[in-house]
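Examination of the molecular architecture
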Amino acid sequence: MRVAIGADHAGYDLKQALAEGLLAAGHELVDVGAHAFDSEDDYPDFAVAVGEKVRGGEADRGIVVCGSGVGSCVAANKLRGIRASVCHDVYSAGQGVEHDDLNVLCLGGRIIDVGLANQLATAFLAARFQPEDRFARRLGKVLEAERRG
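For clarity, every value in this text was computed on a predicted model and none was experimentally measured. (Residues numbered from 1 in each chain as written. Predicted model: local features only at pLDDT ≥ 70, side-chain atom pairs only at ≥ 80, totals over all residues. Heavy atoms only, no water.)

1. So, the environment of Ala93
For clarity, the threshold we go by: Runs of E in the DSSP output that reach at least two residues are strands. Runs of H or I that reach at least four are helices, and both are numbered from the N terminus.
Looking at the secondary structure, you find Ala93 in helix H4 (residues 90-100). Taking the C-alpha atoms as reference points, Ala93 and Val104, separated by 11 residues in sequence, lie 9.9 Å from one another.

2. What to know about the environment of His27
Formally: We call two residues in contact when some of their heavy atoms are within 4.5 Å.
Relative to the elements of secondary structure, His27 occurs in the loop between helix H1 (12-24) and strand E2 (28-33). Separated by 26 residues in the primary sequence, His27 and Met1 place their C-alpha atoms 5.1 Å from one another. Contacts of His27, omitting those with residues within four sequence positions, involve Met1, Val3, Leu22 and Leu125.

3. Observations concerning the confidence of the model for the protein
Our working definition: How sure the predictor is of each residue is captured by pLDDT, a score from 0 to 100.
Summing up the model confidence of the protein, the mean pLDDT is 97 and the portion of residues at 70 or higher is 100%. When mean pLDDT is taken per element in the protein, strand E5 (residues 104-108) scores highest with 99 and helix H6 (residues 133-148) scores lowest with 95.

4. Side note on the nonpolar core
Put simply, the rule reads: We define the nonpolar core as a collection of buried residues of types Ala, Val, Leu, Ile, Met, Phe, Trp, Tyr and Cys that are connected through side-chain atoms lying within 4.5 Å of one another. Burial classes follow relative accessibility: with a 1.4 Å probe on protein chains only, a residue under 20% of its type's maximum area counts as buried, one over 50% as exposed, and anything between as partly exposed.
If you look at the biggest cluster of nonpolar residues, it comprises 23 residues, and the most contacted ones within it are Leu18, Leu22, Ile63, Ala93, Leu105, Leu107 and Phe124. Ranked by residue count, the leading element in this core is helix H5 (residues 114-126), at six residues. Other than its neighbours up to four places away in sequence, Leu107 contacts Leu18, Ile63, Val64, Val65, Cys66, Ser68, Gly69, Cys87, His88, Ile112, Ala117 and Leu120. Core analysis: the next-biggest nonpolar cluster, separate from the first, contains 16 residues, Ala4, Val50, Ala76 and Cys106 among them.

5. Considerations on the packing of H1 against H5
As a reminder, the rule being used: Angles shown run from 0 to 180 degrees and are taken between the N-to-C directions of axes, each axis being a line fitted to C-alpha atoms and, for helices, limited to the stretch in contact. Oblique is the label for every angle not falling under 35 degrees (roughly parallel), over 145 degrees (roughly antiparallel), or within 65 to 115 degrees (roughly perpendicular). Each crossing is labelled by how the near helix is turned from the far one, with a counterclockwise turn of less than a right angle marking it left-handed and a clockwise turn marking it right-handed. Residues are grouped as follows: Ala, Val, Leu, Ile, Met, Phe, Trp, Tyr, Cys and Pro are nonpolar; Asp, Glu, Lys and Arg are charged; all remaining types, including Gly, are polar.
Look at H1 against H5: their axes get within 10 Å of each other, and the N-to-C directions meet at 50°. With respect to each other, H1 and H5 are oriented oblique. The hand of the H1/H5 crossing is right-handed. For the pair H1 and H5, the contacting residues are Leu14, Ala17, Leu18, Gly21 and Leu22 in the first and Val114, Ala117, Asn118, Ala121 and Leu125 in the second. For the contact of H1 with H5, the residue count by class is eight nonpolar, two polar and no charged.

6. Focus: the packing of aromatic side chains
The following threshold applies: The rule is short: rings of Phe, Tyr and Trp, with Trp giving its six-membered ring, pair when the centres are within 6.5 Å, and they are stacked under 30 degrees, edge-to-face over 60, tilted in between. A ring has a charge above it when a Lys NZ or an Arg CZ is no more than 6 Å from the ring centre and no more than 35 degrees off the ring normal.
Scanning all chains against the criterion turns up one aromatic pair. Relative to Phe37, the ring of Tyr12 has its centre 6.4 Å away and its plane inclined at 70°; by these criteria the two rings are edge-to-face. Placement of Tyr12 in helix H1 and of Phe37 in the loop between E2 and helix H2 (43-55) is noted, with a sequence separation of 25 residues between them. A cation over a ring is seen here: Arg61 above Phe124, with NZ or CZ 5.3 Å from the ring centre.

7. So, a negative patch on the surface
Note the threshold: A residue counts toward a patch only above 30% relative accessible area and without a salt bridge, and it is joined to like-charged neighbours within 9 Å or, for Val, Leu, Ile, Met, Phe, Trp and Tyr, to nonpolar neighbours within 5 Å. To measure how exposed things are, a 1.4 Å probe is used in the Shrake-Rupley method; for residues, cover is taken only from the protein chains shown. Within this document, salt bridges are pairs made up of a side-chain nitrogen of Lys or Arg and a carboxyl oxygen of Asp or Glu, the two lying within 4 Å of each other. Neither His nor the chain ends contribute to the count of charged residues, in which Lys and Arg are positive and Asp and Glu negative. The atoms used to mark charge sites are NZ of Lys, CZ of Arg, CG of Asp and CD of Glu.
Together, Asp38, Glu40, Asp42 and Asp45 give the surface a local cluster of negative charge. Relative to the helices and strands, Asp45 is located in helix H2.

8. So, the pairing of strand E3 (residues 61-66)
Our working definition: Any two strands with at least two DSSP-identified bridges between them are counted as paired.
E3 sits mainly inside the fold: six of its six residues count as buried. Residues of E3 alternate between two faces, with Arg61, Ile63 and Val65 on one and Gly62, Val64 and Cys66 on the opposite face, all of them buried. Across five bridges, strand E1 (residues 2-7) lies against E3 in parallel orientation. Bridge pairing in E3 links Ala4 to Gly62. Alignment of E3 against E5, held across five bridges, turns out to be parallel. Within E5, the residue paired with Cys66 across the bridge is Gly108.

This is the structure we're talking about:
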(Lines give C-alpha, C1' and ligand atoms only; values in the text may rest on other atoms or scores of the structure.)
Protein backbone atom coordinates (compact mmCIF):
# COMPACT_ATOMS: atom_id res chain seq x y z
CA MET A 1 0.00 0.00 0.00
CA ARG A 2 1.16 3.54 -0.71
CA VAL A 3 1.22 5.45 2.56
CA ALA A 4 1.76 9.19 2.89
CA ILE A 5 3.54 9.95 6.15
CA GLY A 6 4.46 13.21 7.82
CA ALA A 7 5.32 14.70 11.18
CA ASP A 8 6.30 17.91 12.87
CA HIS A 9 9.11 18.18 15.43
CA ALA A 10 7.03 16.59 18.20
CA GLY A 11 6.36 13.53 16.06
CA TYR A 12 9.62 13.42 14.13
CA ASP A 13 11.33 10.58 16.03
CA LEU A 14 8.22 8.40 16.04
CA LYS A 15 7.64 9.03 12.33
CA GLN A 16 11.19 7.98 11.50
CA ALA A 17 10.86 4.74 13.47
CA LEU A 18 7.37 4.06 12.11
CA ALA A 19 8.59 4.60 8.55
CA GLU A 20 11.21 1.88 9.01
CA GLY A 21 8.52 -0.56 10.16
CA LEU A 22 6.22 0.32 7.28
CA LEU A 23 9.00 -0.18 4.73
CA ALA A 24 9.94 -3.50 6.32
CA ALA A 25 6.29 -4.58 6.02
CA GLY A 26 6.40 -3.89 2.28
CA HIS A 27 4.56 -0.58 2.11
CA GLU A 28 5.60 2.20 -0.27
CA LEU A 29 6.07 5.51 1.54
CA VAL A 30 5.38 9.01 0.34
CA ASP A 31 7.29 10.96 2.98
CA VAL A 32 6.18 14.60 3.07
CA GLY A 33 8.57 15.50 5.92
CA ALA A 34 9.83 16.68 8.17
CA HIS A 35 13.07 15.35 6.76
CA ALA A 36 15.12 16.84 9.59
CA PHE A 37 14.28 17.88 13.14
CA ASP A 38 13.18 21.53 13.27
CA SER A 39 11.72 22.74 16.56
CA GLU A 40 10.03 25.64 14.77
CA ASP A 41 8.01 23.65 12.22
CA ASP A 42 4.22 23.48 12.37
CA TYR A 43 1.94 20.42 12.36
CA PRO A 44 -0.65 21.86 9.91
CA ASP A 45 1.93 21.90 7.14
CA PHE A 46 2.48 18.15 7.42
CA ALA A 47 -1.14 17.20 8.09
CA VAL A 48 -2.28 19.11 5.00
CA ALA A 49 0.55 17.66 2.89
CA VAL A 50 -0.40 14.10 3.90
CA GLY A 51 -4.08 14.79 3.28
CA GLU A 52 -3.36 16.23 -0.15
CA LYS A 53 -1.40 13.11 -1.13
CA VAL A 54 -4.31 10.90 -0.07
CA ARG A 55 -6.94 13.13 -1.64
CA GLY A 56 -4.97 13.37 -4.88
CA GLY A 57 -4.49 9.61 -5.17
CA GLU A 58 -0.72 9.69 -4.70
CA ALA A 59 -1.22 7.62 -1.55
CA ASP A 60 -3.88 5.12 -0.53
CA ARG A 61 -3.83 6.19 3.12
CA GLY A 62 -1.98 8.66 5.33
CA ILE A 63 -0.36 8.80 8.74
CA VAL A 64 0.48 12.04 10.53
CA VAL A 65 2.37 12.34 13.81
CA CYS A 66 2.45 15.45 16.00
CA GLY A 67 2.68 15.86 19.78
CA SER A 68 -0.77 14.53 20.69
CA GLY A 69 -2.24 13.75 17.27
CA VAL A 70 -5.07 16.18 17.94
CA GLY A 71 -3.77 19.20 16.03
CA SER A 72 -2.91 17.10 13.00
CA CYS A 73 -6.37 15.54 13.11
CA VAL A 74 -8.05 18.94 13.16
CA ALA A 75 -5.90 20.23 10.29
CA ALA A 76 -6.26 17.13 8.10
CA ASN A 77 -10.04 17.13 8.49
CA LYS A 78 -10.23 20.59 6.94
CA LEU A 79 -9.51 18.99 3.56
CA ARG A 80 -12.49 17.80 1.54
CA GLY A 81 -12.34 14.01 1.18
CA ILE A 82 -10.18 13.41 4.24
CA ARG A 83 -11.50 11.47 7.20
CA ALA A 84 -8.81 11.64 9.87
CA SER A 85 -8.84 10.47 13.46
CA VAL A 86 -6.54 10.19 16.42
CA CYS A 87 -6.30 6.53 17.36
CA HIS A 88 -4.22 5.32 20.26
CA ASP A 89 -5.83 1.88 20.53
CA VAL A 90 -5.75 -0.95 17.99
CA TYR A 91 -9.52 -1.45 17.90
CA SER A 92 -10.23 2.13 16.82
CA ALA A 93 -7.45 2.15 14.23
CA GLY A 94 -9.05 -0.76 12.38
CA GLN A 95 -12.70 -0.07 13.18
CA GLY A 96 -12.34 3.52 11.99
CA VAL A 97 -11.58 2.23 8.51
CA GLU A 98 -14.17 -0.57 8.58
CA HIS A 99 -17.09 1.58 9.76
CA ASP A 100 -16.15 5.17 8.89
CA ASP A 101 -13.79 4.83 5.90
CA LEU A 102 -10.99 6.54 7.83
CA ASN A 103 -8.16 7.44 5.46
CA VAL A 104 -5.70 9.35 7.67
CA LEU A 105 -4.42 8.05 11.00
CA CYS A 106 -3.18 10.68 13.47
CA LEU A 107 -0.77 9.70 16.22
CA GLY A 108 0.73 11.45 19.23
CA GLY A 109 4.51 11.25 19.34
CA ARG A 110 4.42 12.38 22.97
CA ILE A 111 1.69 9.87 23.84
CA ILE A 112 2.60 6.47 22.38
CA ASP A 113 5.77 4.48 21.71
CA VAL A 114 6.96 2.92 18.48
CA GLY A 115 5.69 -0.55 19.41
CA LEU A 116 2.12 0.65 19.76
CA ALA A 117 2.48 2.94 16.73
CA ASN A 118 3.45 -0.07 14.61
CA GLN A 119 0.44 -2.03 15.90
CA LEU A 120 -1.88 0.87 15.13
CA ALA A 121 -0.47 1.35 11.64
CA THR A 122 -0.79 -2.37 10.96
CA ALA A 123 -4.46 -2.41 12.01
CA PHE A 124 -5.20 0.79 10.09
CA LEU A 125 -3.57 -0.38 6.87
CA ALA A 126 -4.98 -3.92 7.00
CA ALA A 127 -8.59 -2.79 7.50
CA ARG A 128 -11.05 -2.26 4.66
CA PHE A 129 -14.30 -0.31 4.64
CA GLN A 130 -17.26 -2.66 5.19
CA PRO A 131 -20.02 -1.40 2.86
CA GLU A 132 -22.86 -2.73 4.99
CA ASP A 133 -26.03 -0.68 4.70
CA ARG A 134 -25.66 1.05 8.07
CA PHE A 135 -22.02 2.02 7.48
CA ALA A 136 -22.70 3.20 3.93
CA ARG A 137 -25.73 5.21 5.12
CA ARG A 138 -23.71 6.90 7.87
CA LEU A 139 -20.78 7.62 5.57
CA GLY A 140 -23.21 9.11 3.07
CA LYS A 141 -24.44 11.51 5.74
CA VAL A 142 -20.87 12.53 6.56
CA LEU A 143 -20.10 13.10 2.88
CA GLU A 144 -23.29 15.15 2.48
CA ALA A 145 -22.33 17.34 5.45
CA GLU A 146 -18.89 17.81 3.88
CA ARG A 147 -20.48 18.73 0.54
CA ARG A 148 -22.66 21.36 2.22
CA GLY A 149 -19.55 22.77 3.91
